[in-house]
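For reference, the chains in residue letters:
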Protein chains: 2
Amino acid sequence: MSPSISNQITQMLLDMLDRDGTTEIRRNDLAQSLGCVPSQINYVISSRFTPERGYIVESRRGGGGYVKITRVSLDFPTAIMHAVNSVGSEIDPLAARSCIMNLLSRGVIEQNGARLIAAAVDENALRPVPYEYRDTVRASILKQMLLAYSQNRKG
Amino acid sequence: MSPSISNQITQMLLDMLDRDGTTEIRRNDLAQSLGCVPSQINYVISSRFTPERGYIVESRRGGGGYVKITRVSLDFPTAIMHAVNSVGSEIDPLAARSCIMNLLSRGVIEQNGARLIAAAVDENALRPVPYEYRDTVRASILKQMLLAYSQNRKG
DNA sequence: ATGTAATTATAGTCAGAGAAAGTCAAATTT
DNA sequence: AAATTTGACTTTCTCTGACTATAATTACAT
């Protein structure tokens, strides 16, 4: 893991979330204590704690304001369907990765499956497809695989 | 073994890999320290650390970016490596299917894995890719997935 | 005491600068 | 001819700060 500030913030938030699945912060304080500008917290949240990835974020401005992050969890079929539906007709490498990681971290899919799916939709595997089609192909493969995955086992 | 810069880079990466099978570099730093242009690192990676030779490469751009190379474990079934090498640069749906079935029937891969791989290289998933590229893409994906599979525990 | 205005305390947005890595094809070496 | 070397250009990800939006609190007038 790279030592970028964004990654530190991410890690810190994940640690807090690991305790009870929810965390509430004061944006400015956190930024202060990490030595970055407040808006970077927003950047991290919007690039990593997305609904796609299984988080809901609420906030409030003004005096006594806060930012609250909650990790949501769904049952297997619902989670898979949700994921499939969220994919759309195109998906870029980062979003695909997020989608897979999200399912993995929530225990919807397993490490082995995640690896296979990740390998299939990786930019590396898709190199031979013309750039303009890549995200469309990625979406197609991802959806097919998730569907196939849901056939896989014990519900 | 000429002392070309590419060979030096290769050797350095191999040395790093010998420690724990994985290595993460900052492309620009490495290029700097070896006195070559950054893009030469890409050349080395794409010419020597290929899936056929048993390497998985991941990377990230932007601040805190990196290039990570992983060598699949030395004790993984040679059968998989054989399969990867037998695939070539193109493969049609039928051949792909029989490749997968073959590995499955020999117990090299499992039902679940076979299903995922089959889904990914299926004509259905690849529909969005122009016909002329399909078999090439299929080959690329298949190889990447088999390689990823060989990373799975209890293989 | 009550309603309104001013002030203060937060958080959000966005565009631009900065930091890596990737691509491609021409030039060079082997 | 094939492999290597190079650098100009592209794409992606991160960081920053000026500006905006909203909520709570305080001040003030009635």
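Everything discussed here concerns the structure shown above.
Residues numbered from 1 in each chain as written. Chains lettered and ligands numbered in written order. Predicted model: local features only at pLDDT ≥ 70, side-chain atom pairs only at ≥ 80, totals over all residues. Heavy atoms only, no water.

Some thoughts on the pairing of strand β3 (residues 66-71) of chain B
Residues and elements named next belong to chain B. Definition in use: Pairs of strands are assigned from DSSP output, requiring at least two bridges between the strands. Going along the chain from the N terminus, every DSSP run of H or I of four or more residues is numbered as a helix, and every run of E of two or more is numbered as a strand.
Relative to β3, strand β1 (residues 22-25) runs antiparallel, the two sharing four bridges. Pairing of T22 across the sheet is with T70, part of β3. Both strand β2 (residues 55-60) and β3 contribute to a ladder of six bridges, which runs antiparallel. Bridge assignment links V57 to a residue of β3, and that residue is I69.

Examining the nonpolar core
The criterion, for reference: Here, nonpolar core refers to any group of buried Ala, Val, Leu, Ile, Met, Phe, Trp, Tyr and Cys residues whose side-chain atoms link them within 4.5 Å. Note on exposure labels: buried denotes an accessible area under 20% of the residue type's maximum, exposed denotes more than 50%, and partly exposed covers the range between, all computed with a 1.4 Å probe on protein chains only.
Judged by nonpolar contacts, the single largest core of 61 residues is most densely connected at I109, I141 and L142 of chain A together with I109, I141 and L142 of chain B. For this core, the secondary structure elements donating two or more residues are α4 (76-87), α5 (93-105), α6 (111-121) and α7 (131-150) of chain A together with α4 (78-87), α5 (93-105), α6 (111-121) and α7 (131-149) of chain B.

Considerations on the interface of chain B and chain A
How big an interface is tends to be stated in terms of the accessible area lost upon association of its parts. Applied cut-off: We call two residues in contact whenever any of their non-hydrogen atoms come within 4.5 Å of each other. By definition here, a salt bridge exists when the distance from a side-chain nitrogen of Lys or Arg to a carboxyl oxygen of Asp or Glu is within 4 Å. Any pair of nitrogen or oxygen atoms within 3.5 Å is treated as a polar contact; in protein, a donor-acceptor pairing is required on top of that, and neighbouring residues in sequence qualify only through side-chain atoms on both sides.
The partner chain A presents 29 residues to the 31 residues of chain B that form the contact. Put simply, E58 of chain B and R97 of chain A hold a salt bridge, and the shortest N to O gap is 3.4 Å. Applying the counting rule to chain B against chain A returns four residue pairs in polar contact (both at pLDDT 80 or more). Where the side of chain B that touches chain A is concerned, the elements lending two or more residues are β2, α6 and α7 of chain B. With nine residues, the single largest contributor to the side of chain B that touches chain A is α7 of chain B.

Remarks on the protein's contact with DNA strand D
Heads up, the condition is: Proximity is defined per residue: if any heavy atom of the residue lies within 4 Å of a molecule or strand, that residue is considered near it. The nonpolar class holds Ala, Val, Leu, Ile, Met, Phe, Trp, Tyr, Cys and Pro. Asp, Glu, Lys and Arg form the charged class, and all remaining residues, Gly among them, are polar.
Every one of the 26 residues lining DNA strand D counts as a neighbour, but S6, Q40 and Y43 of chain A together with Q40 and Y43 of chain B are closest to it. Of all atoms in DNA strand D that approach within 4 Å of the protein, 70% are sugar or phosphate atoms. Contact distances for DNA strand D include 2.5 Å between a phosphate oxygen and a side-chain N or O atom of S6 of chain B. Mapped onto the surface near DNA strand D, the elements with two or more residues apiece are α1 (5-20) and α3 (38-48) of chain A together with α1 (5-20) and α3 (38-48) of chain B. Split by residue class, the surface near DNA strand D holds eight nonpolar, 12 polar and six charged.

So, helix α2 (residues 27-34) of chain A
Residue and element names in this part refer to chain A. Going by this rule: To obtain the arc, one takes the directions from the helix axis to the C-beta atoms.
What α2 keeps buried is the set L30, A31 and L34. The arc enclosing the buried residues of α2, seen along the axis, measures out at 100°, which places them on a common side. Turned more than 90 degrees from where α2 packs its buried face, Q32 and S33 sit exposed. Backbone geometry just downstream of α2 places G35 in the positive-phi region, at approximately 70°.

The quantities given are spatial measurements derived from coordinates; they are silent on function.
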